[in-house]
Amino acid sequence: MLPGRITHMATMKLKPGVVTGTALQELFAYCKESKCALPAVNVIGSHTANSALQAAREAKAPIIIQLSQSGAQFYAGKFLDNSAQQASIAGSIAGALHVRTLAAVYGVPVVLHTDHCAAKLLPWVDGVLTAGEEYFAKNGEPLFSSHMLDLSEEPLEHNLEICRKYLTRMAKLKMTLEIELGVTGGEEDGVDNSGVDHSKLYTSPSDVLRAYDVLNPVGAFTVAASFGNTHGVYAPGNVKLKPSILDESQKYIEKERKTGPKPLDFVFHGGSGSTPEEITEAVSYGVIKMNIDTDTQWAFTQPIKKYMDDKSAYLQSQLGNPEGADKPNKKVIDPRAWMHQGEKGQAARLVQAFKDLGAFGKFEF
Ligand SMILES: [Zn+2]
C-alpha cells in the first residue's frame, strides 16, 4: 500500500453520541467505500428507541434512529391534539433528547433523523427545525443529524425548489437533507402509493442529475431514489426491484459532472422483505442507509403475542392460575415482563439488518 494513502481496510473509529455535521459525511463516505449501509429504524417511544440502542451495541455499529410524523405524535402520546403538528413537534424533540441522553450510556454512536415529510406536513419539520436552531445556538450542534422531505408527489422543479430552501436553512446547522425522487410504492403512515403509475416507481438518472445540480452547491444531501422498492411486506407482485437504476444514476452524474465514482449517497426505503442479495447489490451502488419498519414492527409484536399465548392462564385475573385459585399473577401482568420481550425481538431483528447490510463489526467505539 502507498504511504499516505487512505485505506478503509481498517474499521472506522467513532465516538458514542449523536453523529452530526462533517462527522456524518465522513461516516457515509466510509460506508460507501467499505460497501456497507446502516439500518434506519422508526421508533415510536422509549421501548423501541432503547432496543435500537441495544442493537447498535450488539452489532458494534452506529444506528440511524428516526421518527416519522405519526411516530413522533405517538411518542408524545395519542391523547394530544395534533391539528397544528404540536404533538409531532414535541414528540420529535422528546425522542431526540431521550436518544441523546441514553446513547452515551449505551456507549453507541447514533444518527438522529426524521422520516417522510410531505408538503402538507411541512409545519412539523418547521417546528422541529426551530427547536434545532435553538439547540444549535446553545450547543454548537444541531438537535437532529438530518431531516427528510418527501415532496415526490410534487412536480420535480417544485420538489427541488422547496428542498433547496430547506437545505439553505439546515446547512447553517451543518445538517443533512434527505430528499425523495420518484415514488416509493406500497403504504406507510397513511400514505398509500399502492395504486401509483408504475413508471413513477423508477427514478430517472436525469432527475437525479437535476437534483444534484440544484442541491450540491447548497449543502449535504442524500437521495431516496425509487427502484421498485415498496413500503411494507407483500407477496411477490409485478413490481420488480431494479437496483441497477442506482448504478446508472451514479455513473451518469460522474460522467456529466466529472465527479469521482459514486458521487451520491442513496437511501433504500422499504427494506423490509428484501432478500440479502438485493440488499447487497443496492449497497454496492452507494446505498448508505436502509429504512426498516415493517420487519421491526413484526419483530416487536410477535414475541409479545407468544408471551400472551403462553401465559394466557395467568392473564385472566389478578388472582388465580393453574397453580392455585388464590395465586397472584402480578409478575406476569407487569407490562415490563412482556414489553421487554418485544424489545429483545426488535433488537435481534436489527442485529440481523446490520449483518445483511455489511455493517456488523466494521466500526470501533
Ligand atoms: Zn420510506
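Note that the structure is a prediction, hence the values are computed from the model and not measured.

K.L.:
Could you give me a rundown of the coordination of the zinc ion, with the residues and numbers involved?
P.N.:
For the zinc ion, every protein donor is listed as His116 (NE2), His231 (NE2) and His269 (ND1), and the spread of their distances is 2.0 Å. Counting residues between consecutive donors of the zinc ion along the chain gives the motif H-x114-H-x37-H. Of this pair, His116 sits in the loop between strand S5 (109-114) and helix H5 (122-139) while His269 sits in the loop between strand S12 (266-268) and helix H9 (276-284); the two residues are 153 residues apart in sequence, bridging distant segments of the chain. The pair formed by His116 and His269 is uniform in burial state, with each residue classed as buried.

K.L.:
Report on the side chain of Asn159, specifying residues and quantitative values.
P.N.:
Checked against the element boundaries, Asn159 lands in helix H6 (residues 156-171). Asn159 gets classed as buried once you look at its relative accessible area, which sits at 2%. Filtering out sequence-adjacent residues up to four positions away, Asn159 remains in contact with Leu151, Ser152, Glu154, Glu180 and Leu181.

K.L.:
Talk me through the pattern of salt bridges; I want residue IDs and the actual numbers.
P.N.:
For the structure on display, the rule yields 14 salt bridges. Notably, a salt bridge pairs Arg164 with Glu161, separated by 2.8 Å at the nearest N-O pair. With Arg164 and Glu161 both in helix H6 and 3 residues apart, this pair spans about one turn of that helix. With a relative accessible area of 31%, Arg164 lands in the partly exposed category. Measuring nitrogen to oxygen at the nearest pair gives 2.9 Å for the salt bridge that ties Arg349 to Asp295. One end of the pair, Arg349, is in helix H12 (residues 335-356); the other, Asp295, is in helix H10 (residues 294-310), with 54 residues separating them in the sequence. Relative accessible area serves as the criterion here: at 21%, Arg349 is assigned to the partly exposed category. Here the salt bridges do not stand alone but share partners, grouping Asp126, Glu133 and Arg169 into one network.

K.L.:
So what's going on with the confidence of the model for the protein? Which residues, and what values?
P.N.:
Summarising the model, the protein shows a mean pLDDT of 93, and 95% of its residues fall at 70 or more. Ignoring residues within four places in sequence, the model shows residues 1-8, a span with pLDDT below 50, making 3 contacts including any to other chains.

K.L.:
Break down the sheet that holds strand S9 (residues 191-192) for me, citing the residues and quoting the values.
P.N.:
Across the sheet, 3 strands lie side by side as S9-S8-S11; this open sheet has mixed pairing. On the outer flanks of this sheet lie S9 and strand S11 (230-231), each paired with one strand and no other. Pairing geometry for strand S8 (residues 185-188) and S9, over 2 bridges, is antiparallel. Looking at the pairing, Glu188 lines up with Val191 of S9.

K.L.:
Explain the layout of surface pockets to me, and be specific about the residues and the numbers.
P.N.:
Here the second largest pocket is characterised by a volume of approximately 510 Å³. Asn42, Ile44, Thr48, Phe74 and Gln297 are, among the 24 residues lining the second largest pocket, the residues nearest its centre. Listed by contribution, the elements that provide at least two residues to the lining of the second largest pocket are helix H2 (46-59), helix H3 (69-76), S8, H10 and H12. Looking at the lining of the second largest pocket, the element that brings in the most residues is H10, giving 6 residues.

K.L.:
I'd love a proper account of the pairing of strand S4 (residues 63-67), names of residues and values included.
P.N.:
Counting buried residues in S4 gives 5 out of 5 residues, a clear majority hidden from the surface. Judged from the 3 bridges that link them, strand S3 (residues 38-42) and S4 form a sheet pairing that is parallel. Bridge pairing in S4 links Asn42 to Gln66. Between the parallel pair S3 and S4, the chain is carried across by H2, and the sense of this crossover is right-handed. Bridge analysis of S4 against S5 gives 5 bridges, and the strand direction is parallel. Residue pairing in the sheet places Ile64 in a bridge with Val111 of S5.

K.L.:
Before we move on, could you go through the nonpolar core and cite the residues and values that matter?
P.N.:
Among the nonpolar cores identified, the biggest contains 94 residues, and Leu27, Ile63, Leu149, Ile179 and Phe363 are the most heavily contacted of them. At 8 residues, H5 tops the list of elements feeding residues into this core. Ignoring anything within four residues of it in the chain, the contact list for Ile63 reads Pro39, Val41, Ala52, Ala56, Pro109, Val110, Val111, Leu350 and Phe354.

K.L.:
Outline empty space enclosed by the protein, supporting the account with residue identities and numerical values.
P.N.:
What the rule picks out here adds up to 2 cavities of 30 Å³ or more. Roughly 70 Å³ of volume is contained in the largest cavity. Lining the largest cavity are 13 residues, with Glu188, His231, Gly270, Asp293 and Thr294 sitting closest to its centre. Classifying every residue of the lining of the largest cavity by side-chain character gives 1 nonpolar, 9 polar and 3 charged. Contributing to the lining of the second largest cavity are Phe28, Ile64, Val111, His113, Ser146, Thr176, Glu178, Thr222, Val267 and Lys289.

Rules used throughout
- Residue indices begin from 1 for each chain and proceed along its sequence in written order.
- The model is predicted, so local features are restricted to residues of pLDDT at least 70 and side-chain atom pairs to those at 80 or more, both for listing and for counting; the totals for chains, interfaces and linings are taken over all residues.
- Hydrogens and waters are ignored; side-chain quantities use all the structure's heavy atoms.
- In this description, a donor is an N, O or S atom within 2.8 Å of the metal centre, a cutoff extended to 3.2 Å for sodium, potassium and calcium. Water is not part of the atom list, which can make sites seem incomplete.
- The helix and strand labels rest on DSSP assignments: H or I over at least four residues marks a helix, E over at least two residues marks a strand, and numbering proceeds from the N terminus.
- Relative accessibility thresholds used throughout: buried, under 20% of the residue-type maximum; exposed, over 50%; partly exposed, between the two (1.4 Å probe, protein chains only).
- The criterion used for residue contact is that any of the two residues' heavy atoms lie within 4.5 Å.
- Salt bridge, as used here: a side-chain nitrogen of Lys or Arg that lies within 4 Å of a carboxyl oxygen of Asp or Glu.
- pLDDT is a per-residue confidence score from the predictor, ranging from 0 to 100.
- One requirement defines pairing of two strands: DSSP has to find at least two bridges between them.
- Using a grid of 1 Å spacing that covers the protein atoms alone, one calls a set of points a cavity when a 1.4 Å probe fits there but cannot get out, and a pocket when the set is open and has protein on both sides within 12 Å along at least five of seven lines; lining residues are those with an atom within 4 Å of a point.
- Grid points are joined across faces, edges and corners, and a volume is the space filled by probe spheres set on the points.
- Place the viewer so that the strands point away; then a crossover is right-handed whenever the path from the first strand over the helix to the second strand goes clockwise.
- What we call a nonpolar core is a set of buried Ala, Val, Leu, Ile, Met, Phe, Trp, Tyr and Cys residues that are connected through their side-chain atoms within 4.5 Å.
- For this scheme, ten residues count as nonpolar: Ala, Val, Leu, Ile, Met, Phe, Trp, Tyr, Cys and Pro. Four count as charged, namely Asp, Glu, Lys and Arg, and the remainder, Gly too, count as polar.

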